[in-house]
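If you want the building blocks of each chain, they are given just below.
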Amino acid sequence: MANFSAALVKELRERTGLGMMECKKALAEANGDIELAIEDLRKASGMKAAKKASRTAADGVVAVKVADDNSYAVAIEVNSETDFAARDAGFLAFVDKVLEQAFATKQTDVAALMTGELDAAREALVQKIGENISVRRAILVEGNTVGFYVHSTNKLAALVALSGGEAELAKDIAMHVTAVNPQVVSKDDMPAETVAKEKEIILAQPDMASKPAEIAEKMVVGRIAKFLAENSLVEQAFVKNPEQKVGDLVKQAGCEVLSFVRVEVGEGIEVEKTDFAAEVAAQLKG
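Rules and cut-offs
- Residues numbered from 1 in each chain as written.
- Predicted model: local features only at pLDDT ≥ 70, side-chain atom pairs only at ≥ 80, totals over all residues.
- Heavy atoms only, no water.
- UniProt positions renumbered as here; feature names shortened; annotations may be inferred.
- Helix = DSSP H or I, 4+ residues; strand = E, 2+ residues; numbered from the N terminus.
- Buried < 20%, exposed > 50% of the residue type's maximum accessible area, 1.4 Å probe, protein only.
- Contact = heavy atoms within 4.5 Å.
- Areas by Shrake-Rupley, 256 points an atom, 1.4 Å probe, with all protein chains shown as cover.
- Axes fitted to C-alpha atoms, helices over the stretch in contact; angles between N-to-C directions.
- Parallel < 35°, antiparallel > 145°, perpendicular 65-115°, else oblique.
- Left-handed = near helix turned anticlockwise from the far one by under 90°.
- Nonpolar A, V, L, I, M, F, W, Y, C, P; charged D, E, K, R; others polar.

- Going by what an unreviewed UniProt entry lists, the protein is known as Elongation factor Ts and is assigned to Marinobacterium rhizophilum.
- In its Subcellular location (unreviewed entry) section, the UniProt entry covering the protein states "Cytoplasm".

## Structural notes on the overall build of the protein
Here comes step 1: Helix and strand counts for the protein stand at 13 helices and 8 strands.
Here comes step 2: Residue burial in the protein is summarised as follows: out of 286 residues, 39% are buried.
Here comes step 3: Pairs at least 24 apart in sequence give 62% of the contacts found in the protein among residues at least 6 apart.
Here comes step 4: Of the roughly 16000 Å² that the protein leaves accessible, carbon and sulfur atoms contribute 52%.

## A look at the packing of helix α10 (residues 192-203) against helix α11 (residues 213-231)
Here comes step 1: Contact pair α10 / α11: the axes reach a minimum separation of 10 Å and the direction vectors enclose 130 degrees. Classified by the angle their axes make, α10 and α11 are oblique. α10 and α11 meet at a crossing whose hand is right-handed. Mapping the contact onto sequence places Thr194, Val195, Glu198, Lys199, Ile202 and Leu203 in α10 and Glu217, Val220, Arg223, Ile224, Phe227 and Leu228 in α11.
Here comes step 2: Taken together, the residues that form the contact of α10 with α11 break down as 7 nonpolar, 1 polar and 4 charged.

## Some details on the environment of Val98
Here comes step 1: With respect to the helices and strands, the residue Val98 is situated in helix α6 (residues 89-105).
Here comes step 2: By relative accessible area, which is 0% here, Val98 ends up buried.
Here comes step 3: For Val98 and Leu118, which are 20 residues apart along the polypeptide, the C-alpha to C-alpha distance reads 7.0 Å.

Shown next as structure tokens:
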């Protein structure tokens, strides 16, 4: 059996995430050659894909497809670890394949969507690119007229469903949604708990402390109204014509906004921040 240090076993464990005995055995069989041990372990266990799955995939792209009759559209978010991988031709071909399947089946359950061939394609891509790849979500929007807008970065998109009107109008409103990021269609849609939380925040503001109760209450009502207007799509000034509200725009077209969804790559994903200087310093000490 080849002689090798505990430090070498430790390095192999860190690089592979495998147990001590497995790493010792692999090093012994590779005569202490760590790169050969890693290669053998990869051949034996498909380790690269499994190991990569523990890394955070918070980059990637959003892709959208709309039906020819504009009755529905599907958006998907596919994540990678880096923007470099998100621009890889193989990655983008995989995104197209997932999008086509989601569009054809209207499937929004990612686990069901990825069963079989698509998950095998994802695993193969992980092995090839060397990054964790994951399909995070699939979203279906339906209506009489559905339009969408995808930002040029392919990292931000919106879908809008109207009760009528033209697809171009739905697209314009989708562009507005990407830019302004409303929370709800109309103020009546705002969750009661969100309004209650906002009221709590307003009452805690310094200028409220000295006000008589009836004055404070009027101020709260005014500020809540402003909050609702700023965060409700139909109350917002339309980005392409700030003189007009979105609600008035759709009313002129003889329709109304049924729903919208805004999709941004990586939103809500917590990414572990690495202090590279500290990491290098620690390695040098080790």
